[in-house]
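Residue-level structure breakdown
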Amino acid sequence: MLGTARTVIAPARLDGAERAEVRRPGAAATAPPSYWDALEPLLPRVKKPAQYVGGEHNQVVTGWGSAETRWLLCYPDTYEVGQPNQGIQILYEILNERPTALAERAYAPWTDLEALQREHGIPTFSLESHRPLWAFDVFGVTLPHELGHTNLLNLLDLGGISHRSDRRTIDDPIVVVGGHAAYNPEPLAPFIDVAVMGDGEQVAIDIDDCVRAFKRDREAGAPWGSGTQLTRHDLLVRLAAVEGCYVPAFYEARYHEDGRLRQVVPIQKGAPSLVPKRTIQDLEEWQYPRKQLVPMTETVHERFSVEIFRGCTRGCRFCQAGMITRPVRERRPETIQKLVEEGVKDTGFNEVGLLSLSSADHSAIAPIARDLADTYEGTVTSLSLPSTRVDAFNVTLSNELARNGRRTGLTFAPEAGSDRMRAVINKMVREEDLLQTAEIAFSEGWRHIKLYFMVGLPTERDEDVLAIAELGIKTYELARKHGKANKVTISVGGFVPKPHTPFQWAPQDSPEEIKRKLTMIRQTIKHHSGLKLRTNDPEEGVIEGLLARGDRRVAPAVERAWQLGARFDGWHEMPTLPTWRQAMDETDVDLAWFSYRERDEKEALPWDHLDSGLEKSWLWEDWEDARSDKQLDDCRWSACYDCGVCPGLSIEHDTGYSGGFQLPVLPSNLGGSQALPTTPERYAAGD
Ligand code: SF4
């Protein structure tokens, strides 16, 4: 399919009047067709057919006529990647709990099924009831990263609605995107109706209320579908007034003569000039998902997951997730224990994941880990905690969680090879800390350490790149000291600067430069055969970088790449970069200008009108600090440095639910695991 013109065979569509009847609220609606009968005979002809059948434990199927608003929630990648996504599962449960709403889910079909769908006129369908996308009121799509943009266009087109928002009618769904990549939705501006900024829980309810009120008003006016009353534009005006909702059609991008952006300004009365993000203040009030969906087939994470806190204030300058999800909001230990116990019982999963951006940083993680380890000791249930903290405490915690299993692999993320480079990115780990941590881990029986790094970081010199290899070698020598079979893997990817971070002004390295740096590392470690190197494809960051910091002028390239066949841009099996390069050529999108150029302080950025809570002036100061190797403490354990996020939120930011005791964050003061409180009781007592 790649590199060839798309063959569009339109899915079966109803005419306008019939579509209008399907979309009426409640029992007045005609139920749309289910495409199951057409789909089922095709499934033996595709890979992994189980991902299209639905029927999972905890799925919700609501009668079409019982709901006033109907949502299709979508993760724009395959079922195996998207099914475990917590964001979708949270919104699915919240919406389905509403007596007037209905929510189903959709994922991207792999190219084999897409071809058959186009051939047989089967639109993008919901997993629960195989109803078509075009019949729903809201198509809610999560964009965890930028590499699902072409899939989004494809799902819209396959779903029987135009991929361009200005061609959609009152009887088409509203296309709403959220997630981290929605913090710069400008490359998608012509294709989406609304981008939602921030936490989705409350705003989903607000959008649902807005759409329901609109449908009721419309029902109360002229006969449904007559076109004489409320319009799609009216609905968008109402949605633009919902806090956290950005309607790109109501804004105009203005440019300087030299091509730099001047401003993105509202052109519709009532559209805010600065769209604020939504922040839920207390995770305790949002205990979701309670009824986690159990996948029908293999997925990337098969476990019961509980988000133990949201946000991160460690201040890693490369990390968009950490910056945009501030401040930290913790879930209570007793709630975590309850959610896990009920969830494991309900779902039958035998693995539990305690999720967050840096799970070892929960202020009560030690008693949480102890209590869960006690509960599941001697059972088949294992506990995992995605933490890449580089310190002895992480080893202690991993020992506790591994009570039920073998001590196999530990992962640490120093991110950069030299102390100087780690100061630039504000990853406060010194080389001696890492080596000491590795020593402790191997001496306590761990067999394999994985170290994550990036190349292409701002201000990087060749000596910083070589330091990655040298650190890998030193860690490997430690590993061998404790056992001939011990292993070390260093994993290196290319850095992509992201919006709303201090590195948003930084130039991105070209793939050629990334390749040169990876070759340096490979050459340096080549005589250490037991030290494994894993690298990402240097070209992988090209599309991601363009879409992360592009403005509306990038949208034609997105559209053209999709028309030329680009799909699944993040998949190794789908090398779409040549297609994208052709699309950029045809649409005059200058990759170097968007990605490889440093911005100055005065330059307007395409996301300046979207407020992540972080002051742009603070981000600039942090960028200047980065360039002078200056580090900044985590504000949970030090003074507030006024990044802009907390004012107005009633959040006790600097104390967790452990009663005020704070875990050590700076590993440089630690003398190994014996220097840590080694018994959970000491943590619980606030020692
Ligand atoms: S406003 Fe202060 S306390 Fe809140 S996240 Fe920013 S630096 Fe931390």
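Residues numbered from 1 in each chain as written. Predicted model: local features only at pLDDT ≥ 70, side-chain atom pairs only at ≥ 80, totals over all residues.

A closer look at the overall build of the protein chain
For the protein chain, the helix and strand inventory stands at 22 helices and 19 strands. In terms of C-alpha radius of gyration, the protein chain reaches 25 Å, essentially the compact-globule figure of 26 Å for 687 residues. The principal-axis extent of the C-alpha atoms belonging to the protein chain is close to 75 × 60 × 55 Å. Here the protein chain holds 687 residues, and 51% of them are scored as buried. For the protein chain, long-range pairs separated by at least 24 residues make up 78% of all intrachain contacts whose partners lie at least 6 apart in sequence. (Helix = DSSP H or I, 4+ residues; strand = E, 2+ residues; numbered from the N terminus. Rg over C-alpha atoms; globule rule 2.2 N^0.38 Å. Buried ≥ 20, exposed ≤ 12 C-beta atoms within 10 Å, placed from the backbone. Contact = placed C-beta atoms within 7 Å.)

Focus: the pairing of strand S2 (residues 101-107)
Summarising burial for S2: seven of the seven residues are buried, a large majority. A two-sided burial pattern is seen for S2, the buried positions comprising Ala101, Ala103, Arg105 and Tyr107 on one face and Leu102, Glu104 and Ala106 on the other. In terms of strand pairing, strand S1 (residues 69-75) meets S2 through seven bridges, oriented parallel. Following the sheet pairing, Trp71 is matched in S2 by Ala103. (Pairing = 2+ DSSP bridges.)

Let's talk about the site of the ligand
Close contacts around the ligand come from 11 residues, with Cys635, Cys640, Cys643, Val645 and Cys646 the closest. Of the residues assigned to the shell around the ligand, the class counts are seven nonpolar, two polar and two charged. (Near = placed C-beta within 6 Å. Nonpolar A, V, L, I, M, F, W, Y, C, P; charged D, E, K, R; others polar.)

Let's talk about the environment of Tyr641
Inspection of the secondary structure puts Tyr641 in the loop between helix H21 (616-627) and helix H22 (680-684). Once the C-alpha coordinates of Tyr641 and Trp618 are considered, the two residues, 23 residues apart in sequence, prove to be 8.9 Å apart. Residue contacts for Tyr641: discarding those within four places in its chain leaves Leu632 and Cys635.

A closer look at the sheet that holds strand S15 (residues 409-415)
The strand order across the open sheet built from four strands is S15-S16-S17-S18, with neighbouring strands paired in parallel fashion. For this open sheet the edge positions go to S15 and strand S18 (531-535), each flanked by a neighbour on one side alone. Sheet twist, expressed as the mean angle between neighbouring strand axes with direction ignored, is 20°. Summarising the sheet, strand S17 (residues 487-494) and S18 pair through five bridges and their orientation is parallel. (Axes fitted to C-alpha atoms, helices over the stretch in contact; angles between N-to-C directions.)

A few points about the confidence of the model for the protein chain
Summarising the model, the protein chain shows a mean pLDDT of 89, and 91% of its residues fall at 70 or more. Across residues 1-12 the pLDDT falls below 50, and counting only partners more than four positions away or on other chains, this stretch makes 23 contacts in the model. (pLDDT = per-residue confidence, 0-100.)

Quick look at unusual backbone geometry
Across the junction of Tyr288 and Pro289, the peptide omega takes the value -10°, indicating a cis bond. Note on placement: Pro289 falls in the loop between strand S9 (275-276) and strand S10 (304-307). With an omega dihedral of -5°, the bond running from Arg326 to Pro327 counts as a cis peptide bond. For Pro327, the location among the structural elements is in the loop between helix H9 (320-324) and strand S12 (329-330). For His500, which is not glycine, the phi torsion reads 65° and is therefore positive. Within the element layout of this structure, His500 appears in the loop between S17 and helix H16 (511-525). Given 21 C-beta atoms within a 10 Å radius, His500 is considered buried. For Asp642, which is not a glycine, the phi torsion comes out positive at approximately 65°.

Considering the environment of Glu351
By secondary structure assignment, the location of Glu351 is in strand S13 (residues 351-355). For Glu351, a count of 15 C-beta atoms within 10 Å puts it in the partly exposed group. Measuring from C-alpha to C-alpha, the distance between Glu351 and Ser384 comes to 7.3 Å, with 33 residues separating the pair along the chain. Dropping the residues within four chain positions of it, Glu351 is found in contact with Glu302, Arg303, Ser382 and Ser384.

Observations regarding the sheet that holds strand S3 (residues 138-142)
The strand order S2-S1-S3-S4-S5-S6 describes an open sheet built from six strands, whose pairing is mixed. One side of each edge strand has no neighbouring strand; the edge strands of this open sheet are S2 and strand S6 (245-246). Pairing geometry for strand S5 (residues 194-196) and S6, over two bridges, is antiparallel. Of the residues in S6, the one forming a bridge with Ala195 is Tyr246. Docked against the sheet, helix H7 (residues 200-220) engages S1, S2, S3, strand S4 (174-178), S5 and S6, running at close to 140° with respect to S1.

Notes on the packing of helix H4 (residues 86-97) against H7
Here H4 crosses H7 at 45°, and the two axes come no closer than 10 Å. Classified by the interaxial angle, the pair formed by H4 and H7 is oblique. Seen from above, H4 lies across H7 with right-handed handedness. For the pair formed by H4 and H7, the contact residues are Gly87, Ile90, Leu91, Ile94 and Leu95 on the first element and Gly200, Glu201, Ala204, Ile205 and Asp208 on the second. Taken together, the residues of the contact of H4 with H7 break down into six nonpolar, two polar and two charged. (Parallel < 35°, antiparallel > 145°, perpendicular 65-115°, else oblique. Left-handed = near helix turned anticlockwise from the far one by under 90°.)

Observations concerning helix H6 (residues 149-158)
Note that an α-helix has 3.6 residues per turn; residues three or four places apart therefore point the same way. Counted residue by residue, H6 has 10 buried out of 10 residues, so it is predominantly covered. Looking one or two residues past H6, Gly160 carries a phi angle of roughly 85°, positive in sign.

Quick look at helix H17 (residues 540-549)
Among the 10 residues that make up H17, 10 are buried, leaving the element largely enclosed by the rest of the structure. Along H17, the residues classified as buried are Glu540, Gly541, Val542, Ile543, Glu544, Gly545, Leu546, Leu547, Ala548 and Arg549.

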